[in-house]
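Given next are the chains, with one letter for each unit.
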Amino acid sequence: MQRPVSIAIAQRPGKEQSSSEAEPRGPGQLRKSRMGFSFFASRAAARFLQDIRRPSSAGVSTAALLLTAASGGGIVAYADSARAEEAPEPPPRKKKVVVLGTGWAGTSFLKNLDSSRYEVKVISPRNYFAFTPLLPSVTCGTVEARSVVEPIRRMFEKKGKDVAYYEAECFKIDPTKKAVHCRSAVGTNLDGNGDFMLDYDYLVVALGATVNTFNTPGVMEHCHFLKEVEDAQKIRKSVIDCFERASIPNISEEEKRKILHFVIIGGGPTGVEFAAELHDFLVEDLVKLYPAIAQFVKITIIQSGEHILNTFDQRIAVFAESKFQRDGIELSTGFRVIKVSDDSITVKCKSSGVETLVPYGMAIWSAGIGTRPVITDFMNQVGQGKRRALATNEWLRVPECDSVYAIGDCSSISQRKIMEDISTIFKVADKDNSGTLTLKEINDVLEDICIRYPQVELYMKSMHMVDIADLIKGGVGDSNKESMVVNIEEFKKALCHVDSQVKTVPATAQVAAQQGYYLADCFNKKDHCVEHPEGPLRLTGSGEGHHNFRPFRYKHLGQFAPLGGEQAAAELPGDWVSMGHSTQWLWYSVYASKQVSWRTRVLVVSDWTRRFIF
């Protein structure tokens, strides 16, 4: 808006003035008049040129007033205020990204996300990240609890990320209103409770999993778990309490054997590593402190399968079993726990059906993972009520919700089968609409097929096939590769067994970390990939063109199983297996390098060094 313009007209020299204005002027007055005239003329000229370039918003421009006044025989002199500066346009609203969880998946996503592009909020009851693979070491004091945790706020500060964190627990996800309902355990709001609600544009669910008791009676009441740092500290205290109870006078030998019987239920990596750590703790420390009761100590692993470490190479399972037998650790394979009481465990032999009562002093349950209640409720809302984990597509998005993503142990990727899209694939490849496919036409879309359906490459590798021609040959017989032509039925026949190689990714920290990194990269490139897609051809009949992103592909980097006594086993990429003392040093180096900060890295290495010295 402009303020009113005041205009004064100076008469040309020679014009007659009225008698009341005609007064004699001296030389000083004439000089002042000329100076004022020059000042007003220069201001008017400048304003004239400015208004020619930018017309006035008031309807009548200053340039028009100047021209009118000049044509009437005068020069315009004015005092106009500067045009009010236009208010700058507000920056575009950032999309709101809400992340649930600060575990491996959530932390990996937050570390790699470009937070300047989004308004990021994090909800988790745990205000730190825990390096969970070292929790068995925490139970026995090999590594201190503070050495494996890193505060979330410190991680954001070091990365210079503008992220809001709220220590609370999400108890409901509302995909219809795009909101999450949370409850804080550390404070209350004006309503007198800790409940609050956050809306989102994108929701990343990384809540992890809880323990799976398989509805076995007594497990929740009498067993220890190993999912959190607090669990490891409770186990450490319980082990010492068992030794102190057994040291009390007038305790019978039978009672001492029961009190000092440590039972691990589950022969997976967590259970095996804890058994190894506990054995070293007993042999190297507690037996020396409690020599009178050392002979009553016993460790037992109860496994429903026929072997422990059944997710590892069979050579590693055999090596671990033989080492545990040498160390005196009892392996009860082929048994299923059906009930747990305060002093005994009821197991059932899977082969004979005979039930046995096993007395114990402390029991640790590590038999599997289950779904958290908030995830179960959300799955019921989106029509996945019969699943054990939240299903996502290959881009880690929940199919029923465009703006909800799930990563980590709480989710499971549903790999699409190639036979579901075989007709669309044939149509896309048949560019000349001849009703048949040549080898060249198949090769033109082969890369997109392998990216979209990784089971194709896995099947060809398992069948020792060199190229796609060997695969197609199964549908048309032993014809010449160069002149190979197939119709739709032969194409289906050639690929009908490919889906047998569909694999599910394991619920491990390695998978969760890779998923978090992948999803953060997709968020960072979201705008760019809309205009320049990087993914394969759309072969599902839902559209044309390419997918914006390449689908998630898990890359297995190997896995370790520490077995105690400074020995470990490792399964490495390329079907490599390593066992023994040298593998334990490899385990040290890998786990030290995987720490999330230099603080935890130094603390963990110093804990290991202190153990060797003292």
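None of these values were measured; they are calculated from a predicted model. (Residues numbered from 1 in each chain as written. Predicted model: local features only at pLDDT ≥ 70, side-chain atom pairs only at ≥ 80, totals over all residues. Heavy atoms only, no water.)

Draft legend 1. Focus on the packing of helix H7 (residues 229-246) against helix H9 (residues 269-289). Packing of H7 against H9 leaves a shortest axis separation of 13 Å and a crossing angle of 45°. One way to sum up the angle between H7 and H9 is to call them oblique. Relative to H9, H7 is oriented so that their crossing is right-handed. On H9, the residues touching Ile235, Val239, Ile240 and Phe243 of H7 are Phe274, Leu278, Phe281, Leu282 and Leu286. Residue composition of the contact of H7 with H9, grouped by class: 9 nonpolar, no polar and no charged. (Axes fitted to C-alpha atoms, helices over the stretch in contact; angles between N-to-C directions. Helix = DSSP H or I, 4+ residues; strand = E, 2+ residues; numbered from the N terminus. Parallel < 35°, antiparallel > 145°, perpendicular 65-115°, else oblique. Left-handed = near helix turned anticlockwise from the far one by under 90°. Contact = heavy atoms within 4.5 Å. Nonpolar A, V, L, I, M, F, W, Y, C, P; charged D, E, K, R; others polar.)

Draft legend 2. Just the pattern of salt bridges, in detail. Here the structure, examined in full by the defined rule, presents 27 salt bridges. The partner of Arg236 in a salt bridge is Glu144, with the nearest N and O atoms 3.8 Å apart. Here the residue Arg236 occupies a position in helix H7, and Glu144 occupies one in the loop between helix H4 (135-139) and strand E6 (149-151), the gap between them amounting to 92 residues. You can call Glu144 partly exposed: its relative accessible area is 30%. (Salt bridge = Lys/Arg side-chain N within 4 Å of Asp/Glu carboxyl O. Buried < 20%, exposed > 50% of the residue type's maximum accessible area, 1.4 Å probe, protein only.)

Draft legend 3. Just the pairing of strand E11 (residues 202-205), in detail. Burial of the side chains of E11 extends over both faces: Tyr202 and Val204 are buried on one face and Leu203 and Val205 on the other. Judged from the 3 bridges that link them, E11 and strand E22 (residues 404-406) form a sheet pairing that is parallel. Looking across to E22, one finds that Val205 is bridged to Ala406. (Pairing = 2+ DSSP bridges.)

Draft legend 4. Up close: empty space enclosed by the protein. In total, this model carries 3 cavities of 30 Å³ or more according to the counting rule given. A volume near 140 Å³ is recorded for the largest cavity. Taken together, 16 residues line the largest cavity, and the ones lying closest to its centre are Glu277, Asp280, Gln584, Tyr588 and Arg611. At the level of elements, H9, strand E26 (559-564), helix H19 (581-593) and helix H20 (598-613) are the ones that each hand at least two residues to the lining of the largest cavity. Among the elements that take part in the lining of the largest cavity, H9 stands out by supplying 4 residues, more than any other. For the lining of the largest cavity, the per-class residue count stands at 6 nonpolar, 5 polar and 5 charged. Space inside the second largest cavity adds up to approximately 50 Å³. Along its surface, the second largest cavity is lined by Ile418, Ile442, Leu446, Ile449, Val456, Ile468, Ile472, Phe491 and Leu495. Looking at the lining of the second largest cavity, the elements that each hand over two or more residues are helix H13 (439-452), helix H15 (468-476) and helix H16 (488-495). The element best represented in the lining of the second largest cavity is H13, accounting for 3 residues. (1 Å grid on protein atoms, 1.4 Å probe; cavity = no way out; pocket = protein on both sides within 12 Å on 5 of 7 lines; lining within 4 Å. Points joined across faces, edges and corners; volume = space filled by probe spheres on them.)

Draft legend 5. Main features of the packing of aromatic side chains. This structure, assessed with the given rule, holds 21 aromatic pairs. On the basis of an interplanar angle of 20° and a centroid distance of 6.2 Å, the ring pair of Phe243 and Phe262 is categorised as stacked. One end of the pair, Phe243, is in helix H7; the other, Phe262, is in strand E13 (residues 261-265), with 19 residues separating them in the sequence. The class of Phe243 is buried, set by a relative accessible area of 0%. Judged by its relative accessible area of 0%, Phe262 is buried. Between Tyr588 and Trp608, the aromatic rings sit 4.7 Å apart at their centres with planes inclined by 55°, giving tilted as the arrangement. Taken together, the residues Tyr588 in helix H19 and Trp608 in helix H20 connect sequence positions 20 residues apart. By relative accessible area, Tyr588 is classed as buried at 7%. A residue is classified by how much of its surface remains accessible, and Trp608, at 7% relative accessible area, is buried. Members of the aromatic cluster, joined through ring pairs, are Trp104, Phe129, Phe131, Phe560, Trp585, Trp587, Tyr588, Tyr591, Trp608 and Phe612. We note Arg183 situated over the ring of Phe171; from NZ or CZ to the ring centre the distance is 4.2 Å. (Phe/Tyr/Trp six-rings, centres within 6.5 Å; stacked < 30°, edge-to-face > 60°. Lys NZ or Arg CZ within 6 Å of the ring centre and 35° of its normal.)

Keep in mind that these numbers describe shape and distance, not what the molecule does.
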